[in-house]
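Residues per chain are reported as follows:
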Amino acid sequence: MKQDRLDDLTELRFRRFERFSSAMIESLQEIMRQLTVNTKQLVILNKCLGNLDGRMDNLEKRVIRVEELLTLALDDLACIKEILKRDG
């Protein structure tokens, strides 16, 4: 009788451990799935950031070129102003 009770108790403990282990494994599998999704999204985001960096570099070059052209235009206008002052 005592042995039967111990066997039943052991069986209950085993089933409880089995359910607990199964729940943990399912939880870890879900975490791994989510990590995989997040990793893929990070790769896509990293590529987008790389493309954005390239565009920003091009934009910076264009802004520098516009500044150079504006400086030349302002210099030309200053020269024209001086000539007009002399003639006027």
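Everything discussed here concerns the structure shown above.
Everything quoted here is computed from the prediction, not taken from an experiment. (Residues numbered from 1 in each chain as written. Predicted model: local features only at pLDDT ≥ 70, side-chain atom pairs only at ≥ 80, totals over all residues. Heavy atoms only, no water.)

Trainee: Would you mind going over the overall build of the protein chain with me for this structure?
Mentor: On a plain count of helices and strands, the protein chain comes out with one helix and zero strands. The C-alpha radius of gyration of the protein chain comes to 37 Å, more than 25% above the 12 Å expected for a compact globule of 88 residues. Principal-axis analysis of the C-alpha atoms gives the protein chain an extent of 125 × 15 × 10 Å. Across the 88 residues that make up the protein chain, the buried fraction comes to 0%. Per element, the accessible surface of the protein chain, about 8,800 Å² overall, is 62% carbon and sulfur. (Helix = DSSP H or I, 4+ residues; strand = E, 2+ residues; numbered from the N terminus. Rg over C-alpha atoms; globule rule 2.2 N^0.38 Å. Buried < 20%, exposed > 50% of the residue type's maximum accessible area, 1.4 Å probe, protein only. Areas by Shrake-Rupley, 256 points an atom, 1.4 Å probe, with all protein chains shown as cover.)

Trainee: Explanation requested: the environment of Leu6 in the structure shown.
Mentor: With respect to the helices, strands and loops of the structure, Leu6 is situated in helix H1 (residues 2-87). Along the sequence, Leu6 and Leu28 sit 22 residues apart, while their C-alpha atoms lie 32 Å from each other.

Trainee: Explanation requested: a nonpolar patch on the surface in the structure shown.
Mentor: Side chains of Leu42, Leu45, Leu49, Leu52, Met56, Leu59 and Val63 sit close together on the surface and give an oily, nonpolar patch of about 640 Å² of accessible area. Tracing the backbone through its elements, the reader meets Met56 in helix H1. Residue class for Met56 comes out partly exposed when judged on its relative accessible area of 47%. (Patch = residues over 30% accessible without salt bridge, like charges linked within 9 Å, V, L, I, M, F, W, Y side chains within 5 Å. Salt bridge = Lys/Arg side-chain N within 4 Å of Asp/Glu carboxyl O.)

Trainee: How should the pattern of salt bridges be read in this particular structure?
Mentor: Two side chains carrying opposite charge are able to pair once their charged atoms lie near each other. Taken as a whole and assessed by the stated rule, the structure comprises three salt bridges. Salt-bridge contacts for Glu30 lead to Arg33; the nearest nitrogen and oxygen are separated by 3.0 Å. Taken together, the positions of Glu30 and Arg33, both in helix H1 and three residues apart, correspond to about one turn of that helix. A relative accessible area of 48% means that Arg33 is categorised as partly exposed.

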